[in-house]
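If you want the building blocks of each chain, they are given just below.
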Amino acid sequence: MDAVKVKEAARRFGADLVGIAPLSRFDGVAPENDPRNIFPQGKSMIVIGRRIPRGVLRSMENASAVNGFYSEFGLFMLEDQFLAKTTYDLVIWMEAQGYEAVPMFGYDADAAAGFPLGAPVENGKPAPNVYVNWQLAAHLCGLGETGKNGLFITPEFGTLQRIAMLITDKELEADEVRTRNVCNDCNACKDGCPLEDTLCSRCTNGAVQTGFGRFNSVDKIAAACGRACLASLEARGLLTSKFSTPFRTDKPWKRDLLNRNIEEVK
Ligand code: SF4
Ligand code: SF4
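Residues numbered from 1 in each chain as written. Chains lettered and ligands numbered in written order. Predicted model: local features only at pLDDT ≥ 70, side-chain atom pairs only at ≥ 80, totals over all residues. Heavy atoms only, no water.

Engineer: Help me out: how do you make sense of the pairing of strand S1 (residues 17-22) in this one?
Structural biologist: Successive side chains on a regular strand alternate, one facing one side of the sheet and the next facing the other. Buried residues dominate S1, accounting for five of its six residues. Sheet topology note: the S1/strand S2 (residues 44-51) ladder contains six bridges and is antiparallel. The partner of Pro22 across the bridge, within S2, is Ser44. (Buried < 20%, exposed > 50% of the residue type's maximum accessible area, 1.4 Å probe, protein only. Helix = DSSP H or I, 4+ residues; strand = E, 2+ residues; numbered from the N terminus. Pairing = 2+ DSSP bridges.)

Engineer: Teacher, can you tell me more about empty space enclosed by the protein here?
Structural biologist: Over the atoms a probe the size of a water molecule is rolled, and this reveals where empty space is left. Applying the stated criterion across every chain yields a total of two cavities of 30 Å³ or more. Space inside the largest cavity adds up to approximately 90 Å³. Element by element, the count of residues in the lining of the largest cavity is highest for helix H7 (residues 224-235), at three residues. Per-class residue counts for the lining of the largest cavity are six nonpolar, five polar and three charged. Quantified by volume, the second largest cavity comes out at close to 60 Å³. In this structure, the second largest cavity is lined by Arg51, Ile52, Arg54, Phe157, Leu160, Leu230, Glu234, Leu239, Ser241 and Phe243. Grouping the constituent residues of the lining of the second largest cavity by class yields six nonpolar, one polar and three charged. (1 Å grid on protein atoms, 1.4 Å probe; cavity = no way out; pocket = protein on both sides within 12 Å on 5 of 7 lines; lining within 4 Å. Points joined across faces, edges and corners; volume = space filled by probe spheres on them. Nonpolar A, V, L, I, M, F, W, Y, C, P; charged D, E, K, R; others polar.)

Engineer: Teacher, can you tell me more about the environment of Glu100 here?
Structural biologist: Position of Glu100 relative to the elements: it lies in the loop between helix H3 (68-96) and strand S3 (101-105). It is 8.6 Å that separates the C-alpha atoms of Glu100 and Gly42, two residues lying 58 residues apart in sequence. Ignoring sequence-local partners within four residues, the contact set of Glu100 consists of Phe39, Glu95, Ile167, Thr168 and Asp169. (Contact = heavy atoms within 4.5 Å.)

Engineer: Is there a simple way to think about the site of ligand 1 in this case?
Structural biologist: With respect to spatial proximity, the complete set of residues near ligand 1 consists of Gly147, Lys148, Asn149, Cys183, Asp185, Cys186, Asn187, Ala188, Cys189, Cys229 and Arg236. Grouping the constituent residues of the shell around ligand 1 by class yields five nonpolar, three polar and three charged. (Near = heavy atom within 4 Å.)

Engineer: How should I be thinking about the pairing of S2 in this particular structure?
Structural biologist: Of all eight residues that make up S2, six are buried, and the element is covered over most of its length. Pairing geometry for S2 and strand S6 (residues 161-168), over eight bridges, is antiparallel. Looking across to S6, one finds that Val47 is bridged to Met165.

Engineer: Whenever I open this one, the pattern of salt bridges confuses me. Can you help?
Structural biologist: Any two side chains of opposite charge can pair if their charged atoms end up close together. Scanning the model with the defined rule gives 10 salt bridges in all. Here Asp219 ties to Arg162 by a salt bridge, and the two come within 2.9 Å at their closest N and O atoms. Residue Asp219 is located in strand S8 (residues 218-219), and its partner Arg162 is located in strand S6; the two are separated by 57 residues in the primary sequence. Each member of the pair, Asp219 as well as Arg162, carries the same accessibility label: buried. Salt bridges here are not isolated pairs; linked through shared partners, they connect Asp27, Asp34 and Arg36. (Salt bridge = Lys/Arg side-chain N within 4 Å of Asp/Glu carboxyl O.)

Here it is, written out as structure tokens:
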């Protein structure tokens, strides 16, 4: 088993993105975010991603089906079923080759830090919850970068992917960390927010409140700020995934905290 075979298997099981990094790239991260505190025998981090269908963002952009299609095909069902199946299949395939891998969801590590689940098992070890920052892991595996709006951006799909991680005891050939920036500080995300970014937990513009199981984090990919980012990335021709129609064809809708159309209230 080598990196090429792992990537082939991941793609066969449905992954659209795969990257690999040695765990030494996590040197310097806080103990509660260090994958070596989850699997001390681990050698490599594998990050896999499945793309979010652009069409579910389209339904949000047109406000014809707020949340319904996106929250399932773009978030909960995609992450909990499709990506989980890809992750599981890859782990089991690796075990059949004689190597172990710890699968992990790409949940918000900062939010997880607010959920301490117990005491350290011995002196010198961090208390649970130890949770790897998936955006850092994906970056170190060469998949992309975190944009100014806090969303993870890849040159393939922009903001449209869901990520999972595997820590394995197999040393694998690493990918290079990408240095080319896709986020260019265009500020479309900030300009596209009808409210204020301190109000995300009450956002009425397409943000999804994830609930207790995901540490009550706010998913902003389909929110006004996230859609503005995708529109900007596409308009600048930065993404390798191409479509026959532009993502943004009309002025985006905007709602206030009372869920009223801002243009009508004015
Ligand atoms: S909208 Fe522009 S500044 Fe904001 S994250 Fe996207 S690329 Fe970066
Ligand atoms: S659009 Fe919504 S989620 Fe995005 S920054 Fe504004 S309030 Fe937050």
